[in-house]
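Below, each chain spelled out in residue letters.
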Amino acid sequence: MLGFAFSIAILVVTQAILSGFETELGSRVLNLVPHVTIQSRSGTMEVDDIEAELDALSIEYRGSPEIESNVLLAVQSQTGLDTTSAQPSQGRVEAARLIGIDPDRHLRASALGLFVEAEAMSRLAPGSFQILVGRDKARELGVTEGDFITVVTMEPTLTLVGAIPRQKRFRVAGIIDTLTFLDAELVYIHVEDAARLSRISKGITTYKLQIEDPFEAQNLVDDLVPRRYRNISRYNVSAWSEHYGYLVRSIVASRNMLVLIFSLMVAIAAFNLVSSVVVFVNERKQDIAVLRTLGGGRVFIGSLFLISGLMISSLGLLFGSVLGVLLGIGLEIGFPVFNDLFGRNLLQAYFSKTLNVEFVLSDFALVVIIGLSLSVLASLYPAWRAMKLDPAEVLRRD
């Protein structure tokens, strides 16, 4: 029973951890990344044109017009920054995706406001040249709120001394802390500041939107630009699954593989149950023979040992479920302690940096089905052995 309970507990904890990853994916990543991204093939596009096409589809969406580019973030060294140089000689330099946003519209279209202070978000005003930086990117650059960083664009500007990259000094308005991989990728400025930096006088480069059900994003992409027109369309339209779908696939694959592996542990515990009930049958041969002589049928005898095996496995299933819940709660509470003990985030290689353990009723149902099915199979052989005993032969030897 204890072996069965421990294997069930491990299966319960595994299911809960993977369910927590799915919740983190939905509540953090999918609420931050755009569900559908529309980019212009010609460089810029008008917001009104895009929104007119979206309104014609009669869908509920939350849109955010943006200007996006790849940049270098350079931290000024203590000796100063040479304005004619693209990179400081003694400063840190990191690559990032710079996104110019309209703060009001972006907050309605994204959950970014949950992971950055409202005061910091309000500092993104036109002409303020302030920037929001992800926690991991800020740590790599060694900056905090109020520090200055230099944004260096990949597009050069022609001057009398030749082509040099455009650069602009920004003040860090706030730190974004989503506890996901996005903290190391994205930085935000106001869309008008991005337009000045990119020398865009009118329009935007990207329009991003979110819908109620992110798993319907691909259908919306097909409605906007049918596949047969993709090559001649004015826009490049993509769903989130094209960029981050690997996260869903990896979670599903991990869940299936781990459930299979730990189900084999339950099967091993069930094999031990076979051994225990077979020993139980051998110890009770005389009792079986007496019951048979008193009129007990083979089915009656077999059902006794089948029920015995089911009772043992049911108790193991109950204790294992309780133990699994306690282990899961303990892991979630103790995870920060383990991080401090090892001096690093044990989940730094994953999209989420926190351990969220979530117990779902359907996961418990799956564990119960697996446990009871294997216990029934394990109890069949001992029950069959008991049914096949010859009472006359047993009593003759006694």
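The coordinates are above.
Residues numbered from 1 in each chain as written. Predicted model: local features only at pLDDT ≥ 70, side-chain atom pairs only at ≥ 80, totals over all residues. Heavy atoms only, no water.

Looking now at unusual backbone geometry. In this structure, Phe 129 is a non-glycine residue whose phi angle is positive, near 50°. For Phe 129, the location among the structural elements is in the loop between helix 4 (118-122) and strand 4 (130-134). Phi is positive for Arg 199, which is not a glycine, with a value near 60°. Of note, Arg 199 is situated in the loop between helix 6 (191-198) and strand 8 (206-211). You can call Arg 199 exposed: its relative accessible area is 57%. (Helix = DSSP H or I, 4+ residues; strand = E, 2+ residues; numbered from the N terminus. Buried < 20%, exposed > 50% of the residue type's maximum accessible area, 1.4 Å probe, protein only.)

To continue, consider the pattern of salt bridges. For the coordinates displayed, the defined rule picks out 13 salt bridges. Between Arg 97 and Glu 185 there is a salt bridge; the shortest N-O distance is 4.0 Å. One end of the pair, Arg 97, is in strand 3 (residues 93-101); the other, Glu 185, is in the loop between strand 6 (162-176) and strand 7 (186-190), and 88 residues separate them in sequence. The partner of Asp 177 in a salt bridge is Arg 135, with the nearest N and O atoms 3.5 Å apart. Of this pair, Asp 177 sits in the loop between strand 6 and strand 7 while Arg 135 is found in helix 5 (residues 135-141), placing the two residues 42 residues apart along the sequence. Asp 177 sits in the partly exposed class, given a relative accessible area of 32%. Taken together, the shared-partner salt bridges in this structure form one network comprising Glu 66, Glu 68, Arg 97, Glu 185 and Lys 208. (Salt bridge = Lys/Arg side-chain N within 4 Å of Asp/Glu carboxyl O.)

Looking now at a nonpolar patch on the surface. Among the surface-exposed residues, Met 1, Leu 2, Phe 6, Ile 312, Leu 315, Leu 318, Phe 319, Val 322 and Leu 326 lie close enough to one another that they form a single nonpolar patch of about 860 Å² accessible area. Those elements giving two or more residues to the nonpolar patch turn out to be helix 1 (2-32) and helix 10 (298-342). For the nonpolar patch, the element with the most residues is helix 10, which contributes 6 residues. Position of Ile 312 among the secondary structure elements: in helix 10. (Patch = residues over 30% accessible without salt bridge, like charges linked within 9 Å, V, L, I, M, F, W, Y side chains within 5 Å. Areas by Shrake-Rupley, 256 points an atom, 1.4 Å probe, with all protein chains shown as cover.)

What follows covers the pairing of strand 7. A large share of strand 7 lies buried, amounting to 5 of its 5 residues. Inspection of the sheet shows strand 3 paired to strand 7 by 5 bridges, in the parallel sense. Bridged to Arg 97 within strand 7 is Leu 186. Sheet topology note: the strand 4/strand 7 ladder contains 2 bridges and is antiparallel. Directly across from Val 133, in strand 7, lies its bridge partner Val 187. (Pairing = 2+ DSSP bridges.)

Here the focus is the pairing of strand 2 (residues 61-74). Within strand 2, 10 of the 14 residues are buried, leaving the element largely enclosed by the surrounding structure. Here 6 bridges tie strand 2 to strand 8, and the two strands are oriented antiparallel to one another. Note on strand 8: the bridge partner recorded for Ser 64 is Lys 208. Pairing of strand 2 with strand 3, which is carried by 9 bridges, proceeds in the antiparallel orientation. Counterpart to Leu 72 in the pairing with strand 3 is Ala 95.

Note that Ser 198 resides in helix 6. Taking relative accessible area as the criterion, Ser 198 reaches 15% and is therefore assigned buried. Ignoring any residue separated from it by four or fewer positions in sequence, one finds Ser 198 in contact with Ile 67, Ser 69, Glu 155 and Arg 166. (Contact = heavy atoms within 4.5 Å.)

Spatial relationships are all this shows, so hold off on functional conclusions.
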